[in-house]
Amino acid sequence: MNGVVLSGLHAGMSLAQVTPGPLTPTPGQPTTTTTGGEFPTLLLTTLIWVTLAAALVIIFMPERTAEQRGRIRLMALAGTTVPVLMAIGGLNYQINQEGSGGFSYVFEEKHQWITAFSVHSNYHLGVDGVSLPLLLLSTVLFVVAVLASWRNERRVRLYFVLLLVLETGVNGFFCSLDYVLLFLFYEVELVPMFLLIAIWGGPRRMHAAWKFLIFMLTSSALLLAAILLLAFKGGAGSFDFDQLNTGLHLSAGIATAGFWLTFISFAIKLPVVPLHTWLPDAHVEASTPVSVILAGILLKLGGYGMLRVVLGAFPDAAKRYSLAIVALAVVSAIWGTLAALAQDDLKRLVAYGSIGHMAIVLLAVGAQSSIALNGAVLQMVAHGFITGLLFLLVGTVYDRTRTRSISRLGGLAWQMPRLTAIWVFAGLASLGLPFLAGFVAEFMVFTGAFPTHRFATVVVMASIAITTGYLLWMLQRVFFGPAKEAYERLRDASTLELFYLVPMVVAVTIFGVVPGRIMPVINNGVATLVARLSGSV
Amino acid sequence: MSHPSPFAAAVDLIPEGILLLGALVCGSLAVVHRRVPAPVYRGLSALTLVAAAGSSLVYLRGLPTSPSNPGYVAWSEGLVVDRYSIFFVPVLCAFTLMTVLASAPVAQRIRPHVGEYHALLLTATLGAVLLASAREMIAFYVALELLSISLYILVGISKTEPRSSEAAFKYLVYGAAASAVLLYGLALLYGLTGRTDLVGVAHGLGSSSAAAALALTLVIAGLTFKLGAVPLHQWVPDVYEGATAPVAGFIATLSKAAGFAILLRVVVTTFPVARSTWLAVIALAAALSMVLGNVVALAQSRMKRLLAYSSIGQAGFILVGVVAYPPDQQGVAAVLFYLFTYGIVVLGVFAAVAHVEGSGAGEEIDDYRGLSRRSPIAAAALAVGMVSLIGIPPTIGFFAKLFVFEAAVQAGYAWLVLLALAMTVVSAAYYLRVLRVMYVDAGDQDAAPLPWPPRVTLAAIAVGGLAALALGAAVQPLFALAGGAAGPLTVR
């Protein structure tokens, strides 16, 4: 484990050596100065709370007639669109900013919030290269989820209120730079997601919702325990990242306990085998848009937590136990993809596939090299878009055929060529076809992990082969082969569907073809982490 | 500071005097004129409570603030007026006010005795307020009995209902036993030291001894009756179920808060010598209450029984804060913060329950099916209240638990916090079951919507729900307030 490539410079060089042209992020350490003060710094506050404000408005809107329900939908769409524009604006600013040097957190806001027991907690928001891409992913997927829910006529008001509150929680989590605030947002998503599964889900929705809830509450409880431990036994007198995530010297016992508490907490969320059992149930029973949010965004809370909290606050313990992390990644990758191979339900297949894909993020967390962590962030974004796309596509098939059983489907390509094209695209993206987002990310993780964990990397790479297998086999059985009579009169993609599917396709392509535009931004955030891991900050 | 004549001493007890006056007016009116409508009593009680709460703030001016002399000693040195007792006056009055407002839907059940009902609410409040300012064992015991006896009658006020009488009887029997235990402990203390004032007892005890440990164990055990905590918790489910919902809420908040008020004062002022003993006793009570309350609540099928076990569990969570009594007053502040926020939220929940039961919808949890459609306001308030009771952010319940846990971790009770966290996860299962029944289960589609709650009750329901949701925005000032109130209990 001590051979981990920890120098940002070294990692940057190896990146330049092994990747094609556009992939050349600027290596280097972040500067410690923040550019926060120079901006109108309400950007993140607005981004987070605007969705809650929209939810509060919707609570008071009537929903009796179709026209009134239409207004609620428009309000929800407006509420989710504003954050997208702000996230794109923020990212774009950061990309253009790149020439002028590194940064740690931008758009920072910091106000005193709670002081109790002489430990301070701040309302501290800010984003860096790790959170900004995820913020973009989250805001975009929520718009997509709203559009994908357009035809829902059941309890429309409650539905959109819950969805918007959920978005506040998720966006807040990505922007929090204080552990109390982070935890607060981490739990905000709990009850809305429970109800979204329980009310609009499939036949076994209650079972799935309870399972989700118990797992997530356990995850939260472990996280809270770790946070209290860190704040009170760490001796920093603060819950703020500025104190806790910057070179705090913890005693070995505290660091070990904190590491395992947070690691297990986020391993439940990610999820990591054997803590993954909530995921297939929740994803299968949830309605299509809710599955998109679950797989596309909620799993990323786990991945982000791994990077920001597990590596950020307990770097030494993370280094010590890196072999355990890598071993779990290997188990998850093989288990998830093999299980996906065995599924007959399309949704279950995608759900188990997610476990395999998130295992690659975990491999990077174990490898802890700059290039692998860069890949992990990109992998989360790529997986968010690709899996979101796959769940939407499963929804389109289910809407038309009322079944998700692969063995009962077949020959759909003849009835719905346009949707089939998008299916094939999504399938290829998911298995990591070059020039699509997933390839770049996985390639970077493997490159970064190989020097230190050769065997593990090879095994995880083998799981990619299994991924290729189950995806192609699924595509072949569902779309090709002889057309079935039962599915003769299926409609192809509607305008509304294309309206939310095509932008996802475009996003996946952009991230795959020109990752060089965003990699420097990601690398800037990762460099801080790597510097922390190498002990130089 | 004390006054030479009893007349001047009365100035020290203006809020208590107002409460007594209000109780007397309500009680006499009920005797003189049987047909006075309920709103008159409601108005009288509300006026009394607001006046009492307001007048208590007068004492804040000129209050001694030195650590060695944190307040006035009043009434033959039986009572003390300090920031701690002044904090409790408005808080307890607010609890009673919400109970008064929540009582409108059950007016039918208490109709023949509506005057006595309000008078007893006020005498119970008087007992609770006195309990918070007792600094001497006789005053302590008298105040406790005033509170208890008022509550016994309130529980049994629907005389024609066997369940109500049964509950009152059980409450009385358990209460008498608890009083005996407590009295035994107090008598031992007097025997050991020859003093009745808490500070004097502390001096008299000197070093720790087996007799002192026994005495304090008995006192704490006797007080757990008021807290609704293990070991004297057995009455809670039966009494909550037999009493009307507002009275159950009253017991869950006012009586519990008063119990914690005196518990803190006793253990902090009287037992610095045997600290490790009482910490161990309370830690045990906290752990057992959390486990028993939260686990048994899972199996309940009736709403008020569920809330009863929840209240046992909550008492356990609050006790975690009592255990975590660090060298400064912040552990006490965490407890005070918890008591206040928990009280407001729980009273909102009970107001909603009173509305549902008063509309004849039933008392089983399954009767709440489809409540989100039948009474959106009550369902929303209950939902928010339940989420707050679990302690899920951003509701105020989260901050209350956070402070208590922080205090406990700082005081080195990490194991208790881990247990509390585990029990929080368990508690979510039954709290969210209520949410599920109201929002997910469709229930009988033809069931008629419930009538709109009476306006006063609507106010109580809304205050509870909004407090759970919005008080989180004012966490820091509220905590600072609790911190100030905890000042007089600082260990020196």
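Scope of this entry: the structure provided in the associated data block. The numbers attached to residues start from 1 for each chain and follow its sequence in the written order. Both sets of labels track the order of writing: A upward for chains, 1 upward for ligands. Owing to the predicted nature of the model, reporting of local features is limited to residues with pLDDT of at least 70; listing and counting of side-chain atom pairs is limited to 80 or more, with chain, interface and lining totals taken over all residues. Hydrogens and water molecules were not included; the side-chain quantities draw on all heavy atoms of the structure.

### Description of the overall build of chain B
For chain B, the helix and strand inventory stands at 21 helices and two strands. Both definitions apply: the radius of gyration is a C-alpha atom measure, and the globule rule equals 2.2 Å times residues to the power 0.38. For a compact globule of 492 residues, the expected C-alpha radius of gyration is about 23 Å, and chain B comes in at 21 Å, within 12% of that figure. Once the C-alpha set of chain B is aligned to its principal axes, its extents read approximately 70 × 55 × 40 Å. For the exposure calls, accessible area comes from a 1.4 Å probe over protein chains only, and a residue counts as buried if that area is under 20% of its type's maximum, exposed if over 50%, partly exposed in between. Expressed as a percentage of the 492 residues in chain B, the buried residues total 63%. Considering only contacts in chain B between residues 6 or more positions apart, those separated by 24 or more positions represent 80%. Accessible areas in this description were obtained via Shrake-Rupley with a 1.4 Å probe; residue shielding takes into account the shown protein chains only. For chain B, the computed accessible surface area is about 16,300 Å², with 69% contributed by carbon and sulfur atoms. Positive charge is attributed to Lys and Arg, negative charge to Asp and Glu, and no charge count is given to His or to the chain ends. Charge coordinates come from a single atom per side chain, which is NZ of Lys, CZ of Arg, CG of Asp or CD of Glu. Counting 27 positive and 22 negative side-chain charges, chain B places the averaged centre of each group 3 Å from the other. Counting from the N terminus, the helices are the DSSP runs of H or I reaching at least four residues and the strands are the DSSP runs of E reaching at least two. Here a residue-residue contact requires only that any non-hydrogen atoms of the pair lie within 4.5 Å.

### Considerations on the interface of chain A and chain B
Counting from both sides, the interface comprises 31 residues of chain A and, opposite them, 33 residues of chain B. Overall, the association of chain A and chain B removes approximately 2,900 Å² of surface from exposure, summing both partners, and the carbon and sulfur fraction of that is 78%. Buried area is understood as the total, over both parts, of accessible area removed when two parts are fitted together, assessed with a 1.4 Å probe. Summed over the three residues of chain A that lose the most area to chain B, namely A:F117, A:W210 and A:L228, the buried surface amounts to 22% of that side. Put simply, a salt bridge is a Lys or Arg side-chain nitrogen that is within 4 Å of an Asp or Glu carboxyl oxygen. Counting across the interface, chain A meets chain B through zero salt bridges. Polar contacts here mean pairs of N or O atoms no more than 3.5 Å apart (in protein, one a potential hydrogen donor and the other a potential acceptor; neighbouring residues in sequence count only if both atoms are side-chain atoms). There are three residue pairs in polar contact (both at pLDDT 80 or more) connecting chain A and chain B.

### What to know about the pattern of salt bridges
All names here are of chain B. Counted by the stated rule, this structure contains 30 salt bridges over all chains. Its salt-bridge partner being K170, residue E166 comes within 3.0 Å of it at the nearest N-O pair. You can see E166 and its partner K170 sitting in helix α8 (residues 162–193), four residues apart, about one turn around the helix. The partly exposed category is assigned to E166, whose relative accessible area is 44%. Taking relative accessible area as the criterion, K170 reaches 26% and is therefore assigned partly exposed.

### Topic: helix α5 (residues 156–175) of chain A
Counted at 1.5 Å a residue, the expected span for α5(A) with its 20 residues is 28 Å, and the 29 Å between its end C-alpha atoms agrees. α5(A) sits mainly inside the fold: 18 of its 20 residues count as buried. Helix span is expected to be 1.5 Å times the residue number reduced by one.

### With respect to the packing of aromatic side chains
All names here are of chain A. Put simply, two rings from Phe, Tyr or Trp (the six-membered ring, in Trp's case) pair if the centres are within 6.5 Å, and we call them stacked under 30 degrees between planes, edge-to-face over 60, tilted for the rest. By the definition in use, this model includes 36 aromatic pairs over all chains. Here the aromatic rings of F174 and Y304 are separated by 5.2 Å at their centres, their planes lie at 90 degrees, and the arrangement is edge-to-face. Here F174 is found in helix α5, whereas its partner Y304 is found in helix α12 (residues 288–313), with 130 residues between them in sequence. The exposure classification of F174 matches that of Y304, with both residues buried. Between F259 and F263, the ring centres sit 5.6 Å apart and the planes meet at 20 degrees, which makes this aromatic pair stacked. Here the residue F259 and the residue F263 both occupy positions in helix α10 (residues 252–269), the gap between them amounting to four residues, near one helical turn. One exposure class covers both F259 and F263, and it is buried. An aromatic cluster is present here, built from F173, F174, Y186, F266 and Y304 joined pairwise through their rings. In this scheme, Lys NZ or Arg CZ marks a charge over a ring once it lies within 6 Å of the ring centre and within 35 degrees of the ring normal. Here R404 stacks its cationic end above the ring of Y398, 5.2 Å away from the centre of that ring.

### Topic: a nonpolar patch on the surface
All names here are of chain A. The grouping of F435, V502, V506, I510, V513 and V514 at the surface amounts to a nonpolar patch, some 500 Å² of accessible area in total. As for its placement among the helices and strands, V514 is situated in the loop between α20 (495–513) and α21 (519–533). Looking at V514, the relative accessible area reads 40%, which means it is partly exposed. Nonpolar side chains (Val, Leu, Ile, Met, Phe, Trp, Tyr) within 5 Å and like charges within 9 Å form the patches, drawn only from residues with over 30% relative accessible area and no salt bridge.

### Quick word on the side chain of A:R400
All names here are of chain A. Relative to the assigned elements, R400 resides in helix α16 (residues 370–401). For R400, the side chain forms a polar contact with the main-chain oxygen of T396, separated by 3.0 Å. Among the polar contacts listed, one links the side chain of R400 to the side chain of E497, at a separation of 2.8 Å. If near-sequence neighbours (up to four positions away) are discounted, R400 is found in contact with M416, L419, L490, R491, D492, A493, S494 and E497.

### Describing α12(A)
Helix length check: α12(A), at 26 residues, gives a terminal C-alpha distance of 36 Å against a target of 38 Å (1.5 Å per residue), a fit within 8%. A bend of about 35 degrees at A:G305 is the largest found in α12(A). We define the bend at any residue as the angle between the axes fitted to the seven residues before and including it, ending there, and the seven starting there.

### What to know about the packing of helix α4 (residues 83–102) of chain B against helix α20 (residues 455–470) of chain B
Residues and elements named next belong to chain B. The N-to-C vectors of α4 and α20 enclose an angle of 135 degrees; their axes lie 7 Å apart at closest approach. Comparing the axis directions of α4 and α20 gives the class oblique. Within the contact between the two elements, α4 uses M98, L101 and A102 and α20 uses V456, T457, A459, A460, V463 and G464. Residue polarity follows a fixed list, in which Ala, Val, Leu, Ile, Met, Phe, Trp, Tyr, Cys and Pro are nonpolar, Asp, Glu, Lys and Arg are charged, and the others, Gly among them, are polar. Class assignment of the residues belonging to the contact of α4 with α20 gives a composition of seven nonpolar, two polar and no charged. Note on geometry: axes are lines fitted to C-alpha atoms, helical ones only across the stretch in contact, with angles between N-to-C directions running from 0 to 180 degrees. An angle below 35 degrees is treated as roughly parallel, one above 145 as roughly antiparallel, one from 65 to 115 as roughly perpendicular, and anything else as oblique.

### Considerations on the environment of A:V165
Examined against the element boundaries, A:V165 turns out to sit in helix α5. Those residues within four positions of A:V165 in sequence are excluded, and the remaining contacts are A:L52, A:A55, A:V188 and A:P192.

### Quick notes on the environment of A:L529
With respect to the element layout, A:L529 can be found in helix α21. Other than its neighbours up to four places away in sequence, A:L529 contacts A:L307, A:L311 and A:G312.

### A closer look at the environment of A:V478
Residues and elements named next belong to chain A. Within the element layout of this structure, V478 appears in helix α19 (residues 454–479). Sequence-wise, V478 and V397 are 81 residues apart; in three dimensions their C-alpha atoms are separated by 9.8 Å. For V478, the residues in contact, after removing those within four places along its chain, are L346, I406, L409, G410, G411 and L412.

### Things to note about the pairing of strand β1 (residues 106–116) of chain A
The sheet contact formed by β1(A) and strand β2 (residues 119–127) of chain A spans eight bridges and is antiparallel. Each bridged residue has a counterpart across the sheet, and for A:E109 the counterpart in β2(A) is A:L125. Any two strands with at least two DSSP-identified bridges between them are counted as paired.

### Structural notes on the side chain of A:S176
All names here are of chain A. With respect to the helices and strands, S176 occurs in the loop between α5 and α6 (179–188). Judged by its relative accessible area of 0%, S176 falls in the buried class. In terms of polar contacts, S176 uses its side chain to reach the backbone carbonyl oxygen of G172, at 2.7 Å. With residues up to four places along the chain from it excluded, the contact list for S176 reads H124, L125, L181, L182, F185 and F241.

### Observations concerning the pairing of β2(A)
Of all nine residues in β2(A), eight are buried, a share of seventy percent or more. Hairpin connection, β1(A) to β2(A): the antiparallel pair is bridged by two residues, and A:F117 has positive phi, about 55 degrees.

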